[in-house]
Amino acid sequence: MPLATLRQVLDEAAKGGYGVGAFNVNNMEQLQGIVSGAQEVQAPVIVQASRGAIAYAGPQYLRNLVLAAVESAPEIPIVLHLDHGDKPETCFMAIDLGFTSVMMDGSLLADGKTPSDYEYNVRVTREVADAAHEKGVSVEGELGTLGGIEDGHGSGEVHLTDPDQAVDFVEQTGVDALAVAIGTSHGAYKFTQKPTGEVLAMHLIEEIHQKLPDTHMVMHGSSSVPQSLVDRINAAGGNLEATFGVPVEEIQQGIRHGVRKVNVDTDGRLAITAALRETINASPKEFDPRAFFKPAREAMKQVVMERLTQFGAAGHAGDYEVLSLDEMAKRYVGERVGV
Ligand code: G3H
Ligand code: 13P
Ligand code: ZN
C-alpha cells in the first residue's frame with residue numbers, strides 16, 4: 001500500500017461526513033502511538049511534520065520512519081504531510097523527500113511571523129500547487145492568520161478568513177484544502193476561559209462552506225488541552241499555567257460544515273509529557289529508557305484513538321483503496337485550464 005494523499009483522504013472524509021486528525025510527528029514513539037491509535041479504531045490518519053520536526057529527526061529518519069509505519073499498517077490510509085511550509089523551496093524539498101502532501105503557508109512571509117499580503121499568498125501557493133499536482137501531491141493553503149485573540153500568542157496578529165476572499169483564493173490557487181483562521185492559535189495557551197462560539201467565529205466556517213461546498217477546510221490549533229493532562233503534569237512536578245483549548249464540540253460543529261482536517265499537536269505533547277513525568281517520578285531506580293517511552297507511546301495512542309473517534313473517522317480505514325501519486329497526478333490534468 002503506498003502512502004495516501006491528503007486529497008483522496010479528505011475527498012473520502014467529505015463523502016462520509018467526518019474529519020481526519022492530523023497529528024504531528026517528531027520521533028519513532030510518537031509515530032508508533034499515532035499509527036497504532038489509528039489501527040486500533042480503524043481510521044485513516046494524517047501524519048504531519050513541521051520544519052522543526054524535520055530538523056529534529058533528520059529528513060532521512062523521518063521519511064523512513066513513516067515508510068516503516070505504512071509497511072507495518074498496510075490496512076489504514078496514512079498521509080505524510082508537511083505542516084506549515086514557509087516557502088515554495090521547503091515544499092519542493094518535502095515533495096522530493098516523498099511527502100504526499102504539503103502545506104504552503106503563504107499567510108505569513110518566509111520568516112513565519114510577519115503576515116503577508118494577499119497577492120504574495122496567491123503567488124506562492126499557486127506556484128506550489130502547480131508543481132505539486134504535476135506529481136500527484138496534494139496542497140494545503142492558508143488564508144488569514146492564527147493568533148490568540150486573548151493571550152497574544154501566535155503571530156500576535158489575528159486576521160480572520162474573509163469568506164469572499166476564500167472563494168477567490170481557492171479559484172486562483174487550486175489548493176486541495178484550505179486552512180481557515182477562526183480565532184484559534186497554536187500551543188497550550190489559547191484561551192483564558194472556555195471559548196464560546198463567538199470567540200471562535202464558527203459562523204465563518206459555515207459561511208465559507210456555503211460559498212465553497214466542495215473545498216475541504218482545515219482547522220489549525222485544534223488541541224483541546226484537557227484539564228486532566230495539565231493537572232497530571234503539574235502534579236508530577238510540572239508548572240503549566242491555567243489554560244483552555246478548543247472544545248471538541250466546536251470541532252464537531254466545524255466537521256458538520258466542511259472541516260475535514262483537524263490539526264492536533266499540543267494534546268499529544270501534553271499526554272507524552274504527563275506519562276514521562278509520572279513514570280520517571282514513580283521509578284527512581286529505573287534507567288532503561290524503554291520503561292519511560294512505552295507509557296509515553298501508549299499515552300499518544302490514547303489521544304489519537306479518542307480524537308479520531310470524536311471526529312467520526314473511526315471505522316473508515318477500509319472504505320477505499322489508496323490511490324498512487326501517479327493516479328492522483330492524472331486527476332489534476334486539465335483541471336487548471338482556463339484559470
Ligand atoms: O504548527 C505548529 C506545530 O505544533 C508544530 O510545532 O514547529 O514546534 O514542531 P513545531
Ligand atoms: P495545536 O497546538 O492546537 O495542537 O495545533 C497544532 C497545529 O495546528 C499544527 O499545524
Ligand atoms: Zn498549524
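Scroll up to find the structure.
Residues numbered from 1 in each chain as written. Chains lettered and ligands numbered in written order. Predicted model: local features only at pLDDT ≥ 70, side-chain atom pairs only at ≥ 80, totals over all residues. Heavy atoms only, no water.

Q: Got a minute to help me understand the overall build of the chain in this structure?
A: Of the regular secondary structure elements, the chain holds 13 helices and 10 strands. Overall, the C-alpha framework of the chain stretches about 70 × 45 × 35 Å when taken along its three principal axes. Taken over 339 residues, the chain has a buried fraction of 55%. Look at the contacts in the chain between residues 6 or more apart in sequence, and 76% of them connect residues 24 or more apart. (Helix = DSSP H or I, 4+ residues; strand = E, 2+ residues; numbered from the N terminus. Buried < 20%, exposed > 50% of the residue type's maximum accessible area, 1.4 Å probe, protein only. Contact = heavy atoms within 4.5 Å.)

Q: How should the packing of helix α8 (residues 202-211) against helix α10 (residues 248-256) be read in this particular structure?
A: Each packed pair of helices is defined by two parameters, the angle between the axes and the distance between the axes. Close contact between α8 and α10 brings their axes to 9 Å; oriented N to C, the two are set at 15°. Relative to α10, α8 is oriented roughly parallel. Along this stretch, α8 crosses α10, giving a crossing that reads as right-handed. Only Glu250, Gln253 and Gly254 of α10 make contact with α8, whose side of the interface consists of Met202, Ile205 and Glu206. Here the residues of the contact of α8 with α10 are counted per class, giving two nonpolar, two polar and two charged. (Axes fitted to C-alpha atoms, helices over the stretch in contact; angles between N-to-C directions. Parallel < 35°, antiparallel > 145°, perpendicular 65-115°, else oblique. Left-handed = near helix turned anticlockwise from the far one by under 90°. Nonpolar A, V, L, I, M, F, W, Y, C, P; charged D, E, K, R; others polar.)

Q: I keep staring at the site of ligand 2 and nothing clicks. Help me out?
A: Contacts to ligand 2 come from 15 residues, most closely from Lys190, Gly221, Ser223, Asp265 and Thr266. In the environment of ligand 2, an oxygen atom lies 3.2 Å from a nitrogen or oxygen atom belonging to the side chain of histidine 84. Compared with its free state, where it exposes 310 Å², ligand 2 has 97% of that area covered by protein. Only β3 (78-85) and β10 (259-264) provide two or more residues apiece to the shell around ligand 2. Taken together, the residues of the shell around ligand 2 sort by class into one nonpolar, 11 polar and three charged. (Near = heavy atom within 4 Å. Polar contact = N/O pair within 3.5 Å; in protein donor to acceptor, adjacent residues only side chain to side chain. Areas by Shrake-Rupley, 256 points an atom, 1.4 Å probe, with all protein chains shown as cover.)

Q: Explain the pairing of strand β5 (residues 138-143) here, please?
A: Side chains on a regular strand alternate between the two faces of the sheet. Across the six residues of β5, six count as buried, placing the element largely inside the fold. Going residue by residue along β5, you find Ser138, Glu140 and Glu142 tucked away on one face and Val139, Gly141 and Leu143 tucked away on the opposite face as well. Pairing between strand β4 (residues 101-104) and β5: four bridges, direction parallel. For valine 102, the partnering residue across the bridge sits in β5 and is valine 139. With respect to chirality, the unit in which β4 leads through helix α6 (residues 118-134) into the neighbouring parallel β5 is right-handed. Of the strand pairs in this sheet, β5 and strand β8 (residues 177-180) are connected by four bridges, and their pairing is parallel. The partner of glutamate 142 across the bridge, within β8, is alanine 179. (Pairing = 2+ DSSP bridges. Right-handed = clockwise from strand over helix to strand, strands pointing away.)

Q: Explanation requested: the coordination of the zinc ion (ligand 3) in the structure shown.
A: Under ideal tetrahedral coordination, the four donors around a metal are separated by 109.5 degrees; under ideal octahedral coordination, the six donors are separated by 90 or 180 degrees. His84 (NE2), His186 (NE2) and His220 (ND1) make up the full set of protein donors to the zinc ion (ligand 3), lying at 2.0 to 2.1 Å. On the primary sequence, the residues serving as donors to the zinc ion (ligand 3) are separated as H-x101-H-x33-H. Of the two residues, histidine 84 sits in strand β3 while histidine 186 sits in the loop between β8 and α8, which places them 102 residues apart along the sequence. (Donors = N, O, S within 2.8 Å, 3.2 Å for Na, K, Ca; no water.)

Q: What should I look at first to understand the site of ligand 1 in this one?
A: For ligand 1, the full set of nearby residues is Asn24, Ser50, Asp83, His84, His186, Asp265 and Arg269. A distance of 3.3 Å is found between an oxygen atom of ligand 1 and a side-chain nitrogen or oxygen belonging to histidine 186. A distance of 3.0 Å is found between an oxygen atom of ligand 1 and a side-chain nitrogen or oxygen belonging to arginine 269. A total of 300 Å² of accessible area belongs to ligand 1 in isolation, and the protein chains cover 67% of it. Split into classes, the residues belonging to the shell around ligand 1 amount to no nonpolar, four polar and three charged.

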